[in-house]
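Topology and contacts: notes
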Amino acid sequence: MGLPFAKKDKISVAWVTFACSEDSSILFLELLNQHFFEWIKKLEFRHCRMLKEKGNSLDDIDVAFIEGAIATEEDAKKAKMIRENAKLVVSVGACACTGMPSAQRNVFDEKTKEEIRLVIERFGHMEKVHPIKDIIKVDYEVPGCPMDEKIFLETLERCFKEFGVK
Amino acid sequence: MHKEGDFEIKVDSLSKIEGHADLEVKVKNRKVEYAHLKISESKRFFTQAVRGKSALNVAQVVSRICGTCSIAHLLCCIEAVENASGIIPSDQTMVLRNLTMDGLMIRDHAMHLYLFCLPDVMNADSILEIAENDRELVEKAFEVKSAGNELSKIIAGRAVHPPYPIVGGFSRVPPNDEARKIAHLLKDARDHALEFADIFRDAMPLFERKTHFVALKNQNYEFIGGELCSSEGYCISRKNFLEHLNRVVKPYSQATGFEFEGREYMVGALARMNLNREALHPDTKRDLSSMLAYFPSNNIYMNNLAQAIEIVNCIDHAIEKLETSDFKKEQISLPKLAAGEGVGVIEAPRGTLYYNLKINNGGLIDYINLVIPTAQNMVNMEKDMEKIVQDNLDVGRSKERIRVELERIIRAYDPCMSCATHFLKVRWIEEGSRKRT
Ligand code: SF4
C-alpha cells in the first residue's frame, strides 16, 4: 500500500496556540532536551514562535499542532486558515481536545456570566469556548492536561510514517 | 501624511515569549508619545471558576493559569489554603517545597535564557541556527534544562502540573538514593551553568532607568518565606501587600497593570538579586564573585544575568539539600480545613506571586484573588519601552533597529502572557485614571 502523502525527508510543522496556558508547549520544549538533534533532522519548524523569530509561515504545512481552545471569532478564522494549509491537524492537550478547562465559562451561572459580560463583549469573545474539532476537522488528538507525553510521541511517529520520514 | 520624525511602530505577535502580545509605539516630532504593550491573550476566568470548589484541590485547578510556572501557582495557593486553615507544614515539607522551586527555576530560566535569549546574544535568529554552528553549546543548554526537569520530576512528580505537592505536605517523599542520584546530575550540569553565566555577563547591553524593586527577602535566597521588601529599604507585612498596590487598567490591553506605593516597580530575578545577593549560596558566591559586583543594578537587561546566576544558586542549594537530607516517609492525614482567610506569597520565576483567598465553613472557596508577576511589571515595562525608543531616536537609529531593541527589552523581562491575562476587572476605567484596590 502506498503512503497517504508524498514521501518526504523532512516534514514541515507548525505549533500554534490559542486560549490556553501553553503547558503542553512547555512539555514540548522539555521533550526537546532529549529529542532536539533527532527532530531537527526530521522536522522543519516552519511556524514555531517559541523557537524562532524570523520566517514563521503557515504556508504549506504538513502537520499543524494546535494547543488551546477557540474563544474568539478571530481565532476561529485562524484555525480554518490553518486547516486549509495543513495536511494533518493534531489537537494537543485537554483545552484543544475537549475545550476544558479553558471552556469553564460555558457552564457559569447567570450571575457569574453577567460579571464577565463586559470582558466577553469588549474583546469579541464568542458565546462559548470551543474545542478545535468544533471548528475544523482534526486528524489526531493528544489528550491530557498537560498533554500525555507518550501519546504525543506516538502521534509524531505516526506522522513520520505517513510521510515516509525515516 | 506623516512628517519626517513622526512614525508608528507596530509589532504583531512578539516571538519567543510565551503567549500573545503586540507592541505599539507612537513617535511625534522625534519624541515618544506612547509605548503600549497590548496583551491579546483570551481570559479564561479561573478566579470565577473556582468559587464554591473544595479548598483541598483548588491549587491543582489554578495552577492551570500558567504553564510556565504552574509549580509556583500550585505552591503559592497551597500556602494560602494552609494559612487560612492554620495548617503548619513540617520542616521536611518545606525542604521539599524549596527543592521543587529550585527545579522550576533551573528549568524555566534555562528555557528563557538558552532558548529565547541566547540567539540575541549570539546574533543568531534562533536556537536552530545556533545548533548548526555550535552543536556542543546547544547540548550543554539542554543538559542544564534537563537537570532542572529531572529534579522537578523526582521531587514533585512532573515538571508541569506536578501531582505530589498537596495541602499539608507531599503525597510521595523521594527515597534518599533517588535524591543523591539527582544531586549527581546537577553537579554535571553546574559547569555548563557557569559557562552560560559568563556568556550572558559579557553580553549585557547598557541601559539605565531608575525604578523600584520588590521581592521576598530571606536568609538563604529562597523563593518561599521571608518578608516582602522594597529596594527603598523597607519591608511590609505580606498580609497587607494589596493595600500597597494600585491597579492600573489599560483600555487597549486584556491585562491589568499594577503600581506599588503609587509608582511603577519591577519584580523578578533582578529584584531578587538586588535585594538578596548577600544571601546567595557560598559556592555560588565563590564562583561568581566577579559578577555579583554588577548588582544592585537599574539595568533591566541585567535581569538575564540575574537569572543565569539564580540557575547556579539553585543548583548549589539543591545539591546541598539532596546530599544532606535524610528524607523520611511522612504520614499525612487529610488535613482538616477551618474557615478563614489566608495569604500565600512566593517568588515565581518572573517575580512575586500573591494569593489571597477565603474558605467557608464547608471547606469551600468563597473567593480567590491573585496578583501575578507579569501584571506587576507591565507599567515598568512600558516606561522602559518609552525610554529605549527615545534613547535610540536621540542617537539617530533607524525604525527597524528600534523595533529590534524593543522586542529585546521586553524579552529581558521574560514576560509570560498567559499568566498576565487571567486577570479580570469588570469595571473599565479610562486610561490614566486608576483605582485603589
Ligand atoms: S489542556 Fe491543561 S495543560 Fe493544556 S493548556 Fe489547557 S490547561 Fe494548560
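Below or above, wherever it landed, is the structure these notes cover. Note that the coordinates shown come from a computational prediction; the quantities given were computed from them, not determined experimentally.

Here we come to the sheet that holds strand E13 (residues 365-371) of chain B. Residues and elements named next belong to chain B. Strands sit in the order E11-E12-E13 across an open sheet of 3 strands; the sheet is antiparallel. Looking along the sheet, the strands with just one partner apiece sit at the ends: strand E11 (340-348) and E13. Within this sheet the neighbouring strands show an average axis-to-axis angle of 15 degrees, counted without direction. Where E11 lies against strand E12 (residues 351-359), 9 bridges are found, and the strand directions are antiparallel.

This paragraph deals with the site of the ligand. Taken together, the neighbourhood of the ligand is formed by 14 residues, with A:Ser21, A:Asp23, A:Ala94, A:Cys95 and A:Cys145 sitting nearest. Residues lining the ligand come from chains A and B. Under a 2 Å grid-point criterion requiring more than half of the atoms, the pocket assigned to the ligand is the second largest cavity. Elements that contribute at least two residues to the shell around the ligand include exactly helix H1 (23-42) and helix H3 (94-98) of chain A. Here the shell around the ligand is composed, by residue class, of 6 nonpolar, 4 polar and 4 charged.

Another point: the packing of aromatic side chains. Residue and element names in this part refer to chain B. Within the structure shown, the criterion is met by 17 aromatic pairs over all chains. Judged by centre distance (6.2 Å) and plane angle (85 degrees), the ring pair of Phe207 and Tyr301 falls under edge-to-face. Of this pair, Phe207 sits in the loop between helix H7 (176-201) and strand E6 (214-217) while Tyr301 sits in the loop between helix H10 (289-292) and helix H11 (302-324); the two residues are 94 residues apart in sequence, bridging distant segments of the chain. Residue classification places Tyr301 among the buried positions, given a relative accessible area of 3%.

Core analysis: the largest hydrophobic core is formed by 174 residues, its most contacted members being A:Phe152, B:Met101, B:Tyr114, B:Leu186, B:Leu322, B:Tyr355 and B:Ile368. Here this core takes 15 residues from helix H4 (residues 91-121) of chain B, the largest share from any one element. Contact partners of B:Tyr355, with chain neighbours within four places excluded, come to B:Val62, B:Ile65, B:His73, B:Cys76, B:Cys77, B:Ala80, B:Gly342, B:Val343, B:Gly344, B:Ile368, B:Asn369 and B:Leu370. A:Phe18, A:Ile66, A:Met126 and A:Val138 belong to the second largest nonpolar core, which has 18 residues in total.

Moving on, we get to empty space enclosed by the protein. Residue and element names in this part refer to chain A. In this structure the tally under the stated criterion is 8 cavities of 30 Å³ or more. If you add up the space inside the second largest cavity, you get close to 100 Å³. Taken together, 16 residues line the second largest cavity, and the ones lying closest to its centre are Asp23, Glu67, Ala94, Cys95 and Cys145. Residue assignment for the lining of the second largest cavity shows that the elements contributing at least two residues are H1 and H3. Among the residues forming the lining of the second largest cavity, the class breakdown is 7 nonpolar, 4 polar and 5 charged.

Thresholds, definitions, all that
- Residues numbered from 1 in each chain as written.
- Chains lettered and ligands numbered in written order.
- Predicted model: local features only at pLDDT ≥ 70, side-chain atom pairs only at ≥ 80, totals over all residues.
- Heavy atoms only, no water.
- Pairing = 2+ DSSP bridges.
- Helix = DSSP H or I, 4+ residues; strand = E, 2+ residues; numbered from the N terminus.
- Axes fitted to C-alpha atoms, helices over the stretch in contact; angles between N-to-C directions.
- Near = heavy atom within 4 Å.
- 1 Å grid on protein atoms, 1.4 Å probe; cavity = no way out; pocket = protein on both sides within 12 Å on 5 of 7 lines; lining within 4 Å.
- Sits in = over half its atoms within 2 Å of the grid points.
- Nonpolar A, V, L, I, M, F, W, Y, C, P; charged D, E, K, R; others polar.
- Phe/Tyr/Trp six-rings, centres within 6.5 Å; stacked < 30°, edge-to-face > 60°.
- Buried < 20%, exposed > 50% of the residue type's maximum accessible area, 1.4 Å probe, protein only.
- Core = buried A, V, L, I, M, F, W, Y, C linked by side-chain atoms within 4.5 Å.
- Contact = heavy atoms within 4.5 Å.
- Points joined across faces, edges and corners; volume = space filled by probe spheres on them.

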